[in-house]
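If you want the building blocks of each chain, they are given just below.
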Amino acid sequence: MKLKRIKPITDRLPRPVAFLFSGGTSLGAVQVGMLMGVFEAGIVPDLLVGTSVGAINAASVGQGFIKSRLQHLASIWSGLKTSDVFGRPALKSALSLVSGRGCSQFS
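For clarity, every value in this text was computed on a predicted model and none was experimentally measured.

## Examining the overall build of the protein
Each helix and strand in the protein was counted, giving six helices and two strands. The secondary structure elements of the protein, listed N-terminal to C-terminal, are α-β-α-β-α-α-α-α. Counted over contacts in the protein with a minimum sequence separation of 6, partners at least 24 positions apart contribute 69%. Approximately 7900 Å² of the protein is accessible, and the part contributed by carbon and sulfur atoms is 62%.

## Description of the side chain of Gln31
Note on placement: Gln31 falls in helix α2 (residues 27–40). There is a polar contact of 2.8 Å between the side chain of Gln31 and the backbone oxygen of Ser22. Those residues within four positions of Gln31 in sequence are excluded, and the remaining contacts are Phe21, Ser22, Val53, Gly54 and Asn57.

## Focus: the packing of aromatic side chains
Using the criterion set out here, one finds three aromatic pairs in the structure. Ring plane angle 70 degrees and centroid distance 5.9 Å describe the contact between Phe19 and Phe65, whose orientation is recorded as edge-to-face. In this pair, Phe19 sits in strand β1 (residues 18–21) while Phe65 sits in the loop between α3 (53–62) and α4 (67–79), placing the two residues 46 residues apart along the sequence. The exposure class of Phe65 is buried, given its relative accessible area of 15%. When the ring of Phe39 is compared with that of Phe65, the centres are 5.4 Å apart and the planes differ by 80 degrees; the resulting orientation is edge-to-face.

## Description of α4
An ideal rise of 1.5 Å per residue puts 18 Å on 13 residues; α4 measures up with 18 Å between its terminal C-alpha atoms. Looking only at α4, the buried set comprises Leu70, Leu73 and Trp77. One side of α4 carries all its buried residues, which in axial view fall inside an arc of 60 degrees. Packing partners of the buried residues in α4 comprise α2 and α3.

## Thoughts on the nonpolar core
With 14 residues, the main nonpolar core has Phe19, Leu35, Val61 and Phe65 as its most contacted residues. Secondary structure elements with two or more residues in this core: β1, α2, α3 and α4. Apart from residues lying up to four places away in sequence, Phe19 is in contact with Leu35, Val38, Ile43, Pro45, Leu47, Leu48, Val49 and Phe65.

Calculation notes
- Starting from 1, residues in each chain are numbered consecutively following that chain's sequence as written.
- With pLDDT at 70 or above as the cut-off, local features in this predicted model cover only qualifying residues; side-chain atom pairs require 80 or more to be listed or tallied, and sums for whole chains, interfaces and linings still use all residues.
- Computation of side-chain values covers all heavy atoms of the structure but excludes hydrogens and water.
- In this description a helix means any DSSP run of H or I spanning at least four residues, a strand means any run of E spanning at least two, and both kinds are numbered starting from the N terminus.
- In this analysis, two residues are considered to be in contact whenever any of their non-hydrogen atoms come within 4.5 Å of each other.
- Calculation of accessible area relied on Shrake-Rupley with a 1.4 Å probe; when residues are assessed, cover is drawn exclusively from the protein chains displayed.
- Here a polar contact is taken to be a pair of N or O atoms separated by no more than 3.5 Å, where protein atoms must pair a possible hydrogen donor with a possible acceptor and residues adjacent in sequence count only if both atoms sit in side chains.
- Centres within 6.5 Å make a pair out of two Phe, Tyr or Trp rings, where for Trp the six-membered ring is used; the pair is then stacked when the planes are under 30 degrees apart, edge-to-face when over 60, and tilted otherwise.
- With a 1.4 Å probe rolled over the protein chains alone, any residue whose accessible area is under 20% of its type maximum counts as buried; one over 50% counts as exposed, and the rest are partly exposed.
- In this analysis, the expected span of each helix is defined as 1.5 Å times one less than the number of residues it contains.
- The arc under discussion is defined with respect to the helix axis, by the directions toward the C-beta atoms.
- By nonpolar core we mean a set of buried residues, namely Ala, Val, Leu, Ile, Met, Phe, Trp, Tyr and Cys, connected to one another through side-chain atoms within 4.5 Å.

Next up, the structure:
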């Protein structure tokens, strides 16, 4: 019995291939994991579209869909702390107080 060779997925994809990146802070890190997976599968985008944090990832990938760029993007995301993304809680509270938003319960 002769085995039938299966074509690689990249030969079966319709063109153009678009990657769409949504916004949402923590999704930026998830997107990098997805990018690594499709890179390893040999899928290369023809078009990149992103919103908010997704636009940042799309802009980075748009400079070259290469392994070193994806690794660099992953290192950025894995090195971030909550305060890097959302700011320091004490600073946020102080700004709310100064702007009057933190005092609404006393009015």
